[in-house]
Amino acid sequence: MIPDQSETLSRTILVLLPEIVLALSAAAIMVAGPFFRRGRSLWAGLSAAAIGASLLALLAVSGSGTDAFAYGSVALNDALSVYGRFAFLITGLILLGLAHNQVGDDRAAEFFGALLFVISGAMLVCAANELIFLFVGLELVSIPTYLLLYLPRRNRTTQEATTKYFFLSVFSSALLLFGFAYLYGLTGVSNLKALAFLMGGGGEVITTGTAAIGSIAVVFVTAGLGFRVAAVPFHFYAPDVYQGAPTVITALLAWIPKGIGFVAMIRVLTSVVSVGEPMLSERAVFLAWLIAAATLILGNTVALVQTNLKRLFAYSSIAHAGYLMVGVAAAFARVEDPANLGPYSGAEGIVFYLAAYALMTLGAFGVILYLEGSGERAETIDDLSGLSRTRPLLSLAMALCLFSLAGVPPLAGFWGKFFIFASAWTAEPIQGIPSLQLLAVIGVINAAIGAYYYLRIVAAIYYGTPARSPAAESRSAAGWPTAMAVGTCAVLSLILGLIPGPLQSASRRAAVAAIGQPAPGTSGPEGEDETETDDVALVRPRPVR
Amino acid sequence: MTDPSFPFEYLSNYLIIGAALMALGMLGFLSRRNLIVMFLSAEMMLQGVALTLVGFSRYHGNWTGQVFTIVMLTVAASEAALALALILVLFHRIRSLDVTLWQDLRETGLPESVDTSGAEPYEPVPGPESYPHLTPSGVEPPHPRQPWEQRRG
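Residues numbered from 1 in each chain as written. Chains lettered and ligands numbered in written order. Predicted model: local features only at pLDDT ≥ 70, side-chain atom pairs only at ≥ 80, totals over all residues. Heavy atoms only, no water.

- If you check an unreviewed UniProt entry, chain B appears there as NADH-quinone oxidoreductase subunit K from Tautonia sociabilis.
- Taken directly from UniProt, the Catalytic activity (unreviewed entry) text for chain B runs: "a quinone + NADH + 5 H(+)(in) = a quinol + NAD(+) + 4 H(+)(out)".
- Word for word, the UniProt comment on chain B under Sequence similarities (unreviewed entry) is "Belongs to the complex I subunit 4L family." (UniProt positions renumbered as here; feature names shortened; annotations may be inferred.)

- You'll find chain A entered in an unreviewed UniProt entry as NADH-quinone oxidoreductase subunit N, with Tautonia sociabilis given as the organism.
- The Subunit (unreviewed entry) comment attached to chain A in UniProt states, word for word, "NDH-1 is composed of 14 different subunits. Subunits NuoA, H, J, K, L, M, N constitute the membrane sector of the complex."
- Per UniProt, the comment on chain A under Sequence similarities (unreviewed entry) is "Belongs to the complex I subunit 2 family."

**Structural notes on the overall build of chain A**
Okay, so step 1: Each helix and strand counted, chain A has 21 helices and zero strands in total.
Okay, so step 2: In terms of overall dimensions, chain A is globule-like: its C-alpha atoms have a radius of gyration of 23 Å, near the 24 Å expected for 545 residues.
Okay, so step 3: Principal-axis analysis of the C-alpha atoms gives chain A an extent of 80 × 55 × 40 Å.
Okay, so step 4: Counting every position in chain A, which comprises 545 residues, the buried fraction comes to 65%.
Okay, so step 5: Long-range pairs, those at least 24 residues apart, make up 84% of the contacts in chain A with a sequence separation of at least 6.
Okay, so step 6: Carbon and sulfur atoms make up 67% of the accessible area of chain A, which amounts to about 17,800 Å² in all. (Helix = DSSP H or I, 4+ residues; strand = E, 2+ residues; numbered from the N terminus. Rg over C-alpha atoms; globule rule 2.2 N^0.38 Å. Buried < 20%, exposed > 50% of the residue type's maximum accessible area, 1.4 Å probe, protein only. Contact = heavy atoms within 4.5 Å. Areas by Shrake-Rupley, 256 points an atom, 1.4 Å probe, with all protein chains shown as cover.)

**Topic: the interface of chain B and chain A**
Okay, so step 1: On the side of chain A, 61 residues touch chain B, which itself brings 61 residues to the contact.
Okay, so step 2: Counting each side, the surface lost to burial between chain B and chain A is near 5,300 Å², with a carbon and sulfur contribution of 68%.
Okay, so step 3: Where chain B packs against chain A, one counts zero salt bridges.
Okay, so step 4: Summed over the shared surface of chain B and chain A, the number is seven residue pairs in polar contact (both at pLDDT 80 or more). (Buried area = accessible area lost by both parts, 1.4 Å probe. Salt bridge = Lys/Arg side-chain N within 4 Å of Asp/Glu carboxyl O. Polar contact = N/O pair within 3.5 Å; in protein donor to acceptor, adjacent residues only side chain to side chain.)

**Side note on the confidence of the model for chain A**
All names here are of chain A.
Okay, so step 1: Put simply, chain A has an average pLDDT of 86, and 90% of its residues get 70 or more.
Okay, so step 2: Of all secondary-structure elements in chain A, the lowest mean pLDDT belongs to helix H21 (residues 534-539), at 42, while helix H5 (residues 108-127) reaches the highest, 95.
Okay, so step 3: In the predicted structure, residues 522-545 sits below a pLDDT of 50 and forms 54 contacts with residues beyond four places in sequence or in another chain. (pLDDT = per-residue confidence, 0-100.)

**Brief notes about helix H1 (residues 8-31) of chain B**
Okay, so step 1: The terminal C-alpha atoms of H1(B), which comprises 24 residues, lie 34 Å apart, in line with the 34 Å expected from a rise of 1.5 Å per residue.
Okay, so step 2: Among all positions in H1(B), only B:Phe8, B:Leu11, B:Leu15, B:Gly18, B:Met22, B:Gly25, B:Gly28 and B:Phe29 are buried. (Expected span 1.5 Å × (residues − 1).)

**A few points about the packing of aromatic side chains**
Okay, so step 1: Under the defined criterion, the tally for this structure stands at 31 aromatic pairs over all chains.
Okay, so step 2: Measuring from ring centre to ring centre gives 4.8 Å for A:Phe178 and A:Phe220, while their planes differ by 65°; the resulting arrangement is edge-to-face. On the criterion of sequence distance, the pair formed by A:Phe178 in helix H7 (residues 156-187) and A:Phe220 in helix H9 (residues 210-229) is long-range, its members being 42 residues apart. Here A:Phe178 and A:Phe220 have matching classes, each one buried.
Okay, so step 3: Residues A:Trp415 and A:Phe418 carry aromatic rings whose centres are separated by 5.8 Å and whose planes lie at 85° to one another, so their mutual orientation is edge-to-face. With a gap of three residues between them, A:Trp415 and A:Phe418 both fall in helix H17 (residues 412-425), about one helical turn apart.
Okay, so step 4: Three or more aromatic residues joined by ring pairs form one cluster here, namely A:Tyr146, A:Tyr165, A:Phe166, A:Phe167, A:Phe171, A:Phe227, A:Phe234, A:Phe236, A:Tyr237, B:Phe29 and B:Phe39. (Phe/Tyr/Trp six-rings, centres within 6.5 Å; stacked < 30°, edge-to-face > 60°.)

**Examining the confidence of the model for chain B**
Okay, so step 1: Scored by pLDDT, chain B comes out at a mean of 81, with 71% of its residues at no less than 70.
Okay, so step 2: The lowest-confidence element of chain B is helix H3 (residues 64-94) of chain B, averaging 91 in pLDDT; the highest-confidence one is helix H2 (residues 35-60) of chain B, averaging 94.

**A look at the nonpolar core**
One recurring pattern in soluble globular proteins: nonpolar side chains tend to sit buried together.
All names here are of chain A.
Okay, so step 1: Of all hydrophobic cores here, the largest spans 236 residues; its most connected members are Phe-111, Phe-112, Phe-180, Ile-256, Phe-262 and Phe-313.
Okay, so step 2: Per-element accounting of this core gives the leading share, 20 residues, to helix H14 (residues 346-373).
Okay, so step 3: Other than its neighbours up to four places away in sequence, Phe-111 contacts Ala-99, Val-103, Leu-148, Leu-151, Pro-152, Val-248 and Ile-249. (Core = buried A, V, L, I, M, F, W, Y, C linked by side-chain atoms within 4.5 Å.)

**Brief notes about the environment of A:Ala181**
Okay, so step 1: Relative to the elements of secondary structure, A:Ala181 occurs in helix H7.
Okay, so step 2: Each C-alpha atom of the pair A:Ala181 and A:Ile216 lies 9.9 Å from the other, and the pair is 35 residues apart in sequence.
Okay, so step 3: Residue contacts for A:Ala181: discarding those within four places in its chain leaves B:Val49, B:Thr52, B:Leu53 and B:Phe56.

**As for the pattern of salt bridges**
Okay, so step 1: Evaluation of the coordinates by the stated rule reveals ten salt bridges over all chains.
Okay, so step 2: Ionic contacts of the salt-bridge type, sharing partners, join the residues A:Glu160, A:Lys164, A:Asp240 and A:Arg311 into one network.

**With respect to the packing of helix H1 (residues 5-15) of chain A against helix H2 (residues 17-32) of chain A**
Residues and elements named next belong to chain A.
Okay, so step 1: Between H1 and H2, the least distance of the axes is 4 Å, while the angle of their chain directions is 60°. Classified by the angle between their axes, H1 and H2 sit oblique to one another. For the pair H1 and H2, contact is made by Ile-13, Leu-14 and Val-15 and by Leu-17, Pro-18, Glu-19 and Ile-20, respectively.
Okay, so step 2: Classifying every residue of the contact of H1 with H2 gives six nonpolar, no polar and one charged. (Axes fitted to C-alpha atoms, helices over the stretch in contact; angles between N-to-C directions. Parallel < 35°, antiparallel > 145°, perpendicular 65-115°, else oblique. Nonpolar A, V, L, I, M, F, W, Y, C, P; charged D, E, K, R; others polar.)

**A short note on the UniProt feature "transmembrane region" (unreviewed entry) in chain B**
Residue and element names in this part refer to chain B.
Okay, so step 1: Per the UniProt record, the feature "transmembrane region" (unreviewed entry) sits at residues 12-30, 37-56 and 68-91.
Okay, so step 2: The span residues 12-30 is 100% helix and 0% strand, and its two end C-alpha atoms sit 27 Å from each other.
Okay, so step 3: Across residues 68-91, the secondary structure splits into 100% helix and 0% strand, with the terminal C-alpha atoms separated by 34 Å.

**Describing unusual backbone geometry**
Most peptide bonds take the trans form, and the phi angle of most residues other than glycine is negative.
Residue and element names in this part refer to chain A.
Okay, so step 1: In this structure, Pro-233 follows Val-232 across a cis peptide bond, with omega equal to 5°.
Okay, so step 2: Mapping Pro-233 onto the fold places it in the loop between H9 and helix H10 (237-244).
Okay, so step 3: Here the amide bond leading from Pro-409 into Pro-410 is cis, since omega sits at 5°, within 30 degrees of zero.
Okay, so step 4: Tracing the backbone through its elements, the reader meets Pro-410 in the loop between helix H16 (392-406) and H17.
Okay, so step 5: Despite not being glycine, Ala-230 has its phi angle at roughly 60°, a positive value.
Okay, so step 6: Mapped onto the elements of the fold, Ala-230 is located in the loop between H9 and H10.
Okay, so step 7: Residue class for Ala-230 comes out buried when judged on its relative accessible area of 1%.

**Section: H16(A)**
Residue and element names in this part refer to chain A.
Okay, so step 1: An ideal rise of 1.5 Å per residue puts 21 Å on 15 residues; H16 measures up with 21 Å between its terminal C-alpha atoms.
Okay, so step 2: Counting buried positions along H16 gives eleven out of 15 residues, so the element sits mostly inside the fold.
Okay, so step 3: By the burial criterion, the buried members of H16 are Leu-394, Ser-395, Ala-397, Met-398, Ala-399, Leu-400, Cys-401, Leu-402, Ser-404, Leu-405 and Ala-406.
Okay, so step 4: On its buried side, H16 packs onto helix H13 (309-332), H14, helix H15 (387-390), H17, helix H18 (436-463) and helix H19 (480-498).
Okay, so step 5: Once H16 finishes, Gly-407 follows within two positions and takes phi at roughly 85°, a positive value.

**Topic: the side chain of A:Ser281**
All names here are of chain A.
Okay, so step 1: For Ser-281, the location among the structural elements is in helix H12 (residues 278-304).
Okay, so step 2: Taking relative accessible area as the criterion, Ser-281 reaches 1% and is therefore assigned buried.
Okay, so step 3: A polar contact is formed between the side chain of Ser-281 and the backbone oxygen of Phe-332, at a distance of 3.3 Å.

Shown next as structure tokens:
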């Protein structure tokens, strides 16, 4: 039985309730901004309340499944969607804590409104089950990001950073759209579950000639999302933009675009391509293999020579995009039976790694922000030397985040790397391209190189001599929300490292849900109707020659 | 559902023109130095995408591609609004639209990646930046506007 249109629509609006709450609050804050002479703490508080309300809405709708509507609705409420939206809301709260005092009073309403829009856009990407909807979600992240880059500070370097990010982001959107157009042209449907179903042989769509069209789609979508996640060869904007942007926006740029880029890759590429024609999937694995290896090597080696902290974290974030691309390469590998994934899947590793990456990166940037907030310089590695004498607790948090970034057990970053390398190691070898095991070896070597520059910072903090005497310092404290955000990141990195089980089973469920193809109509409210896959047959196209 | 009057041979024409627009836009974006022309090139890439989408939409005989085009144009319009605002600000700062004048952020110790000798000459104008402004009327806005004290150049 085909779920009827109005029911599909009402269910979709229901599962999108968290995003609707967030976007409406953002719009209300932006509209109210010019009319009230209030400080930024009011707007920050309202934003926190909006995120809290959205979190409650997410918990309320998390039980309502959308499997029966999967081939007709634009948004899904599967395990990946709930996992991702939960992660973006929590990191949204952390970002809000870091950002609460980073903008002037007269621009605070627009700033926090834009921040809420970014979070709701990221959540839309996690829930999206439709090319158009996914694109709108990605742009709902990009467009407020331009505002966020520009609003807090208006000097020449910020303007340059904003310009670079803006132009490259517009360029990458065009590449992404070109890829989406060919992905749509391949089958004539834009619903992602239906697309995967048709690619999997459900509709005899793939004839020999269309592997070319599929390759165009994969290459351009990878390029467009590669800009978002800062993967080589689309990484070159990252160091400049990270250095020129205000620190809190650097933290946001290091996490949100990367997070949504990889979630979008799981939704659009790996779940669709890996169940499709073997030739297309092999080409996709090879493409991801090349990007992953280049990203890993370039990110880690150039980071070795950096002294500016923000530039160093920019190259470190490029390197982390490389580890995640290893997961993408493993996830592209052909899956014979979507209902039965292997013991380690690439998507599972990516999803786990993203959560760990968010915590450790935001924590490290939070420490820099805390120091800036209390009036100290924190631009180069030398500025941090001897920090442990004056601020032992903050140094401990920084050390935890850096160890986690380096992948030292038993922290969350270690398990993320472990699951990704395990998925690459256990992937089936493919004829004609370098094996994924070699990629896993390259990844492990790079993790060792990466450990050097993280440990260099830790060594400076604990064994360096302070540039100035501790007594001369003002020792003022930054705001408590910043401290709480940093503490949350560090503690969660440790806890998730010691007890990775719950997060791992959640990411497992997310990976299974991403690739799973629910039987149309069988789990609907009636349940007794066993007619053929009517709603797919409705959109079944003719093959492209 | 499918349209026999629109075979693949027709579709391929649309795809070729769409890809050509896309490629020309990409070429223009990467080679031009004027901020406005760069943005127009990016818009041309989007027009190539739109043509591709509409062609596929006609071929498959459904409306999805056309809906996609409308959504895409809407998003592109809001991006254009932001782009023009940003370009205006940049122009007021250095009185030039040449993109090669914005190379302050780069690896330490490396020379500028693009030669600026061919750039339009620009002279920093003394004094604070000037923006067009409306004569205030009605109630005073809640937040007193801070005068723009930053210097050009």
